[in-house]
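Residues per chain are reported as follows:
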Amino acid sequence: MPKAQDADPKQDAEPKPEKKQFMRETIGKPPLTRWQMFRRRLLRVLGVVLLGVVAGASFAVASTLTQRYILPRETIETAPPITIPKDEPDTTASSVSPTGYQTSGTSAAPVTSVASYGTGSAVSGGQGTAASVAATTSAGPDGASGQAGQTRQSRDDTGSDPAGTSPDRATGQATASPDGAGQTGASGQTHPTAAGSPGTSVPETSPIGSEGGEDSPESADGADGADASGASGSLGGGPAGDGETVTDGASGEDGGASPAETGAQDTPKSYTYTMEDYILMQGNLRKVVDDVERGIVEVHSVSQELDWFDNPLMRTGIYAGLVINATPKETLILVTQKAVEHADSIEVTFGTSTTVPGKIKQMDKIIGMAVVSVDSALLPTATFGAVKSVPLGNSYSVRQGDLILAMGSPTGWVHSACYGEISYIFRSYPRTDGICRLFLTDVETDVAAGTFLINTKGEMVGWFTDIFSGAIASNLPIAIAVSEYKGIIEKLSNGSPAPYLGVLGQDVGAAVAETGVPLGVYVSDSIADGPAYVGGVKNGDVITGIDGHSIGGMRDLQAAVEALGTGDEITVTVKRNSVDEYKELEFDVVLGAR
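Residues numbered from 1 in each chain as written. Predicted model: local features only at pLDDT ≥ 70, side-chain atom pairs only at ≥ 80, totals over all residues. Heavy atoms only, no water.

Draft legend 1. Layout of a nonpolar patch on the surface. A surface patch of nonpolar side chains, about 620 Å² in accessible area, is lined by Met-275, Tyr-278, Ile-279, Met-281, Leu-403 and Tyr-419. If you tally residues by element for the nonpolar patch, the top one is helix 4 (residues 275-293), at 4 residues. (Patch = residues over 30% accessible without salt bridge, like charges linked within 9 Å, V, L, I, M, F, W, Y side chains within 5 Å. Areas by Shrake-Rupley, 256 points an atom, 1.4 Å probe, with all protein chains shown as cover. Salt bridge = Lys/Arg side-chain N within 4 Å of Asp/Glu carboxyl O. Helix = DSSP H or I, 4+ residues; strand = E, 2+ residues; numbered from the N terminus.)

Draft legend 2. Structural detail: the pairing of strand 16 (residues 451-454). Residues Thr-451 and Leu-453 of strand 16 are buried on one face, and the alternating residues Phe-452 and Ile-454, pointing to the opposite face, are buried as well. Inspection of the sheet shows strand 13 (residues 403-408) paired to strand 16 by 4 bridges, in the antiparallel sense. Across the sheet, residue Met-407 finds its bridge partner in strand 16, namely Phe-452. Relative to strand 17 (residues 460-465), strand 16 is paired through 3 bridges, and the arrangement is antiparallel. Across the sheet, Phe-452 pairs through a bridge with Trp-463, a residue of strand 17. (Buried < 20%, exposed > 50% of the residue type's maximum accessible area, 1.4 Å probe, protein only. Pairing = 2+ DSSP bridges.)

Draft legend 3. Up close: the sheet that holds strand 8 (residues 312-326). The strand order 7-8-9-12-11-10 describes a closed barrel built from 6 strands, whose pairing is antiparallel. Shown here is a sheet whose adjacent strand axes are inclined to one another by a mean of 40°, direction ignored. Two elements, strand 10 (residues 345-350) and strand 11 (residues 354-364), share 5 bridges in a ladder whose sense is antiparallel. Residue pairing across strands places Glu-347 opposite Pro-357, the latter belonging to strand 11. Helix 6 (residues 486-493) contacts strand 8, strand 9 (330-336), strand 11 and strand 12 (369-375) of the sheet and is inclined by roughly 120° relative to strand 11. (Axes fitted to C-alpha atoms, helices over the stretch in contact; angles between N-to-C directions. Contact = heavy atoms within 4.5 Å.)

Draft legend 4. Up close: a positive patch on the surface. Together, Arg-39, Arg-40, Arg-41 and Arg-44 line one region of the surface with positive charge. Among the structural elements, Arg-44 can be located in helix 2 (residues 34-70). Of the residues examined, Arg-44 reaches a relative accessible area of 58% and is grouped as exposed. (Lys, Arg positive; Asp, Glu negative; His and termini not counted. Charge placed at Lys NZ, Arg CZ, Asp CG, Glu CD.)

Draft legend 5. Spotlight on helix 9 (residues 554-562). Of all the positions in helix 9, only Met-554, Leu-557, Gln-558, Ala-560 and Val-561 are classed as buried. Across the axial projection of helix 9, the buried residues extend over an arc of 165°, all falling on one side. (Arc of directions from axis to C-beta.)

Draft legend 6. Representation of helix 4 in the model. The terminal C-alpha atoms of helix 4, which comprises 19 residues, lie 26 Å apart, in line with the 27 Å expected from a rise of 1.5 Å per residue. The complete set of buried residues in helix 4 reads Asp-277, Gly-283, Leu-285, Val-288, Val-289, Val-292 and Glu-293. Where helix 4 is buried, its residues meet strand 7 (296-306), strand 13, strand 14 (416-431) and strand 16. (Expected span 1.5 Å × (residues − 1).)

Draft legend 7. Summary view of a negative patch on the surface. Together, Glu-569, Glu-584, Glu-586 and Asp-588 make up a negatively charged patch on the protein surface. The leading source of residues in the negative patch is strand 25 (residues 581-590), at 3 residues. Relative to the helices and strands, Glu-586 resides in strand 25.

Written out as structure tokens, the structure is:
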């Protein structure tokens, strides 16, 4: 039997699995669509915004808690509100006396008349008003011509002549001997003025002469008293050219008494003003300018704009501002509205070198003015110490012909000044929600750059404006009086907007009321889209009340509105003309901001 072949161990063994080599497969992802890309970016932006909101809210909460519980109490107290004293309008209309001097409900200032007596001059007093009536004595050319001329009253003497002795209103006669010796003459009584104003002493060096004697008081009773040298008496003549008047305190006494016995002083000579006098007056005016200059600042208005090629462009305007209040906390500056209404940033220059940032406190578009606030802590101690607040004066006391100063930027350059006179006064010019005074002056001024009206006391009594230039036909600059706007300036200084009703009107006087028109404020124009217009007030209505308070005229309306605040809802009572009668209506009005 054949031998079995040996099995091949390699063949008999189980086949080993083949070693497999694994390779990582690269999986290609499809590209993102536009919507997916937009959604991913939007989620990122929302995430950033959410983080910003959370961070801002956390900061606000932390700041509030810090101020309330951590910081000392005195560091967070606000400054007390600013108050501006108000002025009462004058109720007496000014008049002009026959001598050209203005009066205001009282007698005119006494005027001393000087008359020729020989080659000298003589001054005579008066009885009853202690020489408040100046008399003129006329004598012959040589001062000793038999009988002297008659004593006549001065122009401002409104007393009657009971004797009616002559056409020139003689009040007595005096005689003089040919040799000039003093003789006893008739009673030379003079009549008091209508108001019985007291006598006034005039300095000896005054060019208009002196009134009364050296010992005469400045004021006397005026009813039955007699001035030491102003009583009636005889006039004694003297040598030619003496020009000496001798009077006695009683009627009919010997007029030959010496000046030493009667207390009369020598008649002053005529005075001629010299260049030194003019320089002295100019020097006093310069002192006022130098004092007010400490309250004048430069306000730089910076605005960012783009030119035609979208390139950034910076515009800067320079205006004059007036410091109206300076405290260690803040300094308040009054400027024109044009200086700040379009400004992106504001800078204020004090003096010539110190410039600090400022911010708008509040503005009033009706009057065209604004208040800018500066942090006083940013000013150096020396600069802040040199700053002066210019007081707001009483513009009701300004009279036609008064000397005034235009300061700020009357020439277009800040820190310039000029002076002139008040040419005309509009005493009750209608304006929105009230009335105001307007001054016409003969000074040159640049309204846009900011110019303020200053009186000789160094007080601001108004500012120049072009708001009324279209309504008033005048080639003279127009200034708004400050007294009617002190309430509004007070609100602006405290950061509160001035309330706005939106009516132009005029008083219904007693004469008009007799025709059947109710007393109150006649609405000549209910300004379109104004609070009153929206509330239902129409042209021709007569406003008689606001919130139950009676309104008798524009001043009552102005005071009532200024006492309210922006956003207040008030009830305006009007009487509207209907068929043969006026019907009373009430409208709810929400006050706006000026």
